Structures are given as C-alpha cells and as structure tokens.
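Now for the letters of each chain:
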Amino acid sequence: MAKERWGSKIGVILAVAGSAIGLGNFLRFPVQAASNGGGAFMIPYFVALFVVGLPLMWIEWTIGRFGGGFGHSTAPGMFHTLWQKNKFIKYFGVIGIFGPIVIFIYYVYIESWLLGYSVFAILGKYNSCTTEQSMSAFLQAYQGLIKNEFFSSITPAYFFFVITFILNVWIIYMGINRGIEKVCKWALGILFLFGAILVVRVLTLGAPDAAKPDFNTINGLGFLWNPDWSVLKSAKVWLAATGQIFFTLSCGIGVILTYASYLTKQDDVALSGLSAASANEFAEVILGGSIVIPAAYAFFGPAGAAKIASGGAFNLGFVTMPLVCQKIAFGNIFAFLWFMLLFLAGITSSISLAQPAIAFLEDEFNFSKKKASWVFGVVVFILCQPAIFLLSKGVVDELDFWGGTVCLVLFATVESILFAWVFGMEKAWTELHVGSDITIPRVYRFIIKYITPAFLLFVLGMWFWQDWAKVILMRNVPAENRPYVLATRIGLVIFVGILALLVQRAWQRRERKQKEGVSPDAF
Ligand code: PFF
C-alpha cells in the first residue's frame, strides 16, 4: 500500500495546529489562568512553553518523519526504529495509541455538547435561564443527571453524540489529505473568524454596569497579564502551567508523531513545528485569553471571575458564557458563534486523537482504511458508553487524569530521552535540520539535551513523590464513586494489555514475513 501524504505544507501545519487548538485553548486555559492567580500563571506558562513545549514539538515532528520513512506511523514502530537493540521499547510505545484513545473517549462526548448547544443557542432553547442556577440545571438535565422542563432524558445528548462520533469517523475514513487536511483548512479559517468577532465584541463591552466602573474589560485583561513574580516559588503553579502546555500543544501523546509520519524525508519540520505551535499560542493567549476572562470580569468582577473559574471549565463554557451572551444584543448569535467555534476547535483535535489507532491497524496489520475505520468506530463507540452514562461517577475525571495528564508526562519524558540520548544529540540535531527552512538557535541543542529531559524528570518525580499514595488509594475520590473509578482503572489496564498483545502479534507477523523474504505490506 502506498503511504498516504499531506497535500501541502500549509495543510500539515494547519492539521497539527488544528489538533493543538481545541477545548484546551478556550476552556482549560482560562480556568487554569484564573485559578492560578491570573498574571501569576503566565510566567511559568511561557517558561514551560520555551523549555518543554517547543522542544517537544520539534522532537515529535522529527521522530515522526523519521519513523514514517521506515513505514511506521505510530510510536511502537518508531521507538523500535530509534532503539532497535531494546526489545521492550516498542511496548512502551503502546501509550502513543492508548493515550489518544483514552482522551478521545471523553473529548468527543464533550465536543458533542457543543454541537447541541450551537443548535440550542439558535433556537433560543435556554433563553428562559437567566441565573447561574437555572443555566446549570439546564446543563445537568442535558447530561441526563437530573430531569426538568427542558430535558427528561439523555436522548438529545445521545443524539448529538452519535452525530459527532459518526462525523469524526467519516473524516478519518476520508483519509489524511481528503479528510483531515481539508477539514482542518476550513475549520481553522472559520474558527479564527468567529474568534476575532467574539474578541472584538468582548473588548468593546467596556463597563457594562455603570454603577461598577471597575468591572470592565481592560481590568479583565490586566487580571491576566499583570505579572506577579512571587509565584515563581509555587510548585503547584509550575505543575499546572506545564500540564497546560502539554495538553494545549497535543504533545507527549503520539498524535504529532503520527501526523508527521505522512511527511516526506525532505519536508521541513523545524519551521512547520514552530508555526503550528505559534498558531496554537495565538489561539490560546490572544483569543482564548480575551474572551471568557475579560467577559466574566466585566460582568462579575475579579472575585466573581475567580469564583466562576473555580467551578471548572464546563461551568465557564456552558453556564457563564451563555449567561453573558443573554445580557448583550444579538446574544443568541454570539452564543452560537461561541459554541460553533468550540465545536470546530474540538473536532479538529478529536480526529487527531483517532488517527494513531487507525494508522496502527493500517501499518502493522495491513488493514484497509475502510476496515480500520470500522474496527475503530465499533470498538471506541462501545468504550465511550461509560463516559456518557457514568459522567457523574468520576469516570471522566479518571480518564482525563491517566490519559490527559500522566500519560503525557511519562511518554514525553521517555521520548525526549530516546531522542537526545539514545538516538544521540548529534544525529538528532542533524535530522531535525534535514530539509529545514530555518536554523534553530544553538541554545536549543543544550535545552533539548539537558533541560527538557531534566525538567520532565523533575515534574514526574515531584508528582510521584507528592501524590502516589493519594492516587493509588483513591483518597481524593468520594467514597460512593470508588467502585466506578476502580472499575475504570481495571478497564484501562486490560486495554493496555490488549494493545501490547497486538504489538507483539504485529512484530511476530513482521518477523515471519521477513524470514520468508517478503515485505510485510505485501499481505
Ligand atoms: N490540544 C487539544 C486541546 O487543547 O484541546 C487537546 C488534545 C488533542 C490533547 C490531541 C492531546 C492530543 F493528542
């Protein structure tokens, strides 16, 4: 089977930017920033961007293109290529398929709420909810957690979920060039347009309540941007900032490795990686930072904005924003732009989470795109059910913790060491610059070799030291949720085990074919 390729350079940059720009930029970032003191957050955030975010972008683009050259589009094969003597490393690469599926399971469900809310905004379905309580009740009834005059069952949510799920699988089925690339080009264009309209609307809100002139958008921006140096001493803020950088850049999980594997040997990775990261940072700090926080600040003041953020990302996105929109002219249209923007941001991320699994089936088992999409669709659809029906039992938090936090840091740590120390910095630096449109400043040679792995080991070590007992014993989980959380953990372990067995099978198949002197792809 001929390997799929990206259609253009801008296409692959937009696809990676599409993966990076997601719900994390518009919901997770404002919550993290506001709950970590606003301006205090931005210093560790930018340090983490420069010492781990950008280096990982370059590391993943380079390993991805390199592995793609050997016919591998996923981490097991790529890690094996980098360290052929080690028999175990390919099993570690399983995280690069497992992690994305785990995130996909809950991400797609949340993405589907956005499609539902886009429709509700236009239809004015929640127009009678004018307080925080009533808007929260609307959301809870939609999620099937309570019944009220708006929803008496989870059926509408399930309906939007099925549509969103099918849409994701269909884009994947259309392929790298005709599916992912095309959708990302369109979606990102619309997303930036909607984002710009919303930013202008928010920034021209001024001080909506004449009696409280301090509650205005300029002070809202100051809340985010006035630096607070004292925070450099707080470990918690550093961890939060590093976690956000990983999540927002889609780094440390195998997704960028897969996308980069569809490049050719001479395609640039240095400038492309930098461009995708810059597009993401623009969407995050400029657009993401100029919508919800200044809007919440203008209507509810500094204490109100911090309190809303402490209620979490769903609260900010599905309760505060529609309430704010209710208070302005043409509010339903602005609310539609908001939910549609988030839906587009979400879908360009979720398709990237699905691609490693599809690529694994195609490369290692020679499945056709159609067969791989069917298998993925059926298996993952079933796996999504606990996230939908056990939403209030802590299952989504558990998936987010293992898939969206632990796997990212663990995978990134091993990957950066493999790149700089096993593959070797000399070769790595040369490979990074093959076909490159820019020369990366030499200080990054030092950063990639020493600072990035050391920083990651430090974060991982600190987390383990502080939290391992609490996590293992589920001390932070309410007692009534523990059976569900435990079941989720057991399920995840079984799932990793199955994927590891598949890797073993794939390698046996490869070796057999090699012994017979036939290319494994001929079958
Ligand atoms: N970067 C996405 C966001 O900010 O919402 C989330 C994400 C997508 C994380 C893909 C990881 C990933 F592989």
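A short tour of the structure in this document, coming up. (Residues numbered from 1 in each chain as written. Predicted model: local features only at pLDDT ≥ 70, side-chain atom pairs only at ≥ 80, totals over all residues. Heavy atoms only, no water.)

1. Remarks on the site of the ligand
In the vicinity of the ligand, 15 residues are found, and the nearest of them are Ala 20, Gly 24, Tyr 107, Phe 247 and Ile 253. Within the contact set of the ligand, a nitrogen atom lies 2.9 Å away from a backbone nitrogen or oxygen of Ala 20. Here an oxygen atom of the ligand and a side-chain polar atom of Asn 25 are 3.3 Å apart. Out of a free accessible area of 340 Å², the ligand has 100% covered by protein chains. (Near = heavy atom within 4 Å. Polar contact = N/O pair within 3.5 Å; in protein donor to acceptor, adjacent residues only side chain to side chain. Areas by Shrake-Rupley, 256 points an atom, 1.4 Å probe, with all protein chains shown as cover.)

2. Some words on unusual backbone geometry
Generally, phi is negative for residues other than glycine and the peptide bonds are trans, each holding for most cases. You will see that Ser 250, though not glycine, has its phi angle at about 60 degrees, which is positive. By secondary structure assignment, the location of Ser 250 is in the loop between α11 (235–249) and α12 (255–260). The buried category is assigned to Ser 250, whose relative accessible area is 12%. Although it is not a glycine, Asn 366 sits at a positive phi angle of roughly 60 degrees. Within the secondary structure, Asn 366 is located in the loop between α16 (331–365) and α17 (369–389). The class of Asn 366 is buried, set by a relative accessible area of 18%. (Helix = DSSP H or I, 4+ residues; strand = E, 2+ residues; numbered from the N terminus. Buried < 20%, exposed > 50% of the residue type's maximum accessible area, 1.4 Å probe, protein only.)

3. What about helix α1 (residues 9–20)?
Within an α-helix, residues lying three or four positions from one another point in the same direction, as the helix has 3.6 residues per turn. Between its first and last C-alpha atoms α1 spans 17 Å; for twelve residues at 1.5 Å apiece the expected length is 16 Å, and the two agree. For α1, the tally of buried residues reaches nine of twelve residues, placing the bulk of the element in the interior. Turning to α1, its buried residues number three or more, namely Gly 11, Val 12, Ile 13, Ala 15, Val 16, Ala 17, Gly 18, Ser 19 and Ala 20. (Expected span 1.5 Å × (residues − 1).)

4. Considerations on the nonpolar core
Judged by nonpolar contacts, the single largest core of 184 residues is most densely connected at Phe 26, Tyr 126, Ile 180 and Trp 338. Those residues in contact with Trp 338 that lie beyond four places of it in its chain are Phe 26, Leu 27, Leu 198, Ile 291, Val 292, Gly 317 and Met 321. (Core = buried A, V, L, I, M, F, W, Y, C linked by side-chain atoms within 4.5 Å. Contact = heavy atoms within 4.5 Å.)

5. Quick notes on the side chain of His 80
Turning to its location among the elements, His 80 is positioned in helix α4 (residues 75–82). The exposure class assigned to His 80 is buried, which follows from its relative accessible area of 19%. Setting aside anything within four residues of it in sequence, one finds His 80 in contact with Asn 86, Ile 89, Lys 90 and Trp 507.

6. Let's talk about the state of the cysteines
Counted under the stated rule, the structure contains zero disulfides. Distance from the sulfur of Cys 251, which forms no disulfide, to the nearest cysteine sulfur (Cys 407) is 15 Å. Looking at Cys 251, the relative accessible area reads 1%, which means it is buried. Cys 325 takes part in no disulfide bond, and the closest cysteine sulfur to it belongs to Cys 129, at a distance of 14 Å. Relative accessible area serves as the criterion here: at 4%, Cys 325 is assigned to the buried category. (Disulfide = S-S within 2.5 Å.)

7. Things to note about helix α20 (residues 482–515)
Compared with the 50 Å implied by 1.5 Å per residue over 34 residues, the 50 Å span of α20 between its first and last C-alpha is a close match. Buried within α20 we find Val 485, Thr 488, Arg 489, Leu 492, Phe 495, Leu 499, Val 503, Ala 506, Trp 507, Arg 509, Arg 510 and Lys 513. Just beyond α20, the residue with positive phi is Gly 517, at close to 75 degrees.

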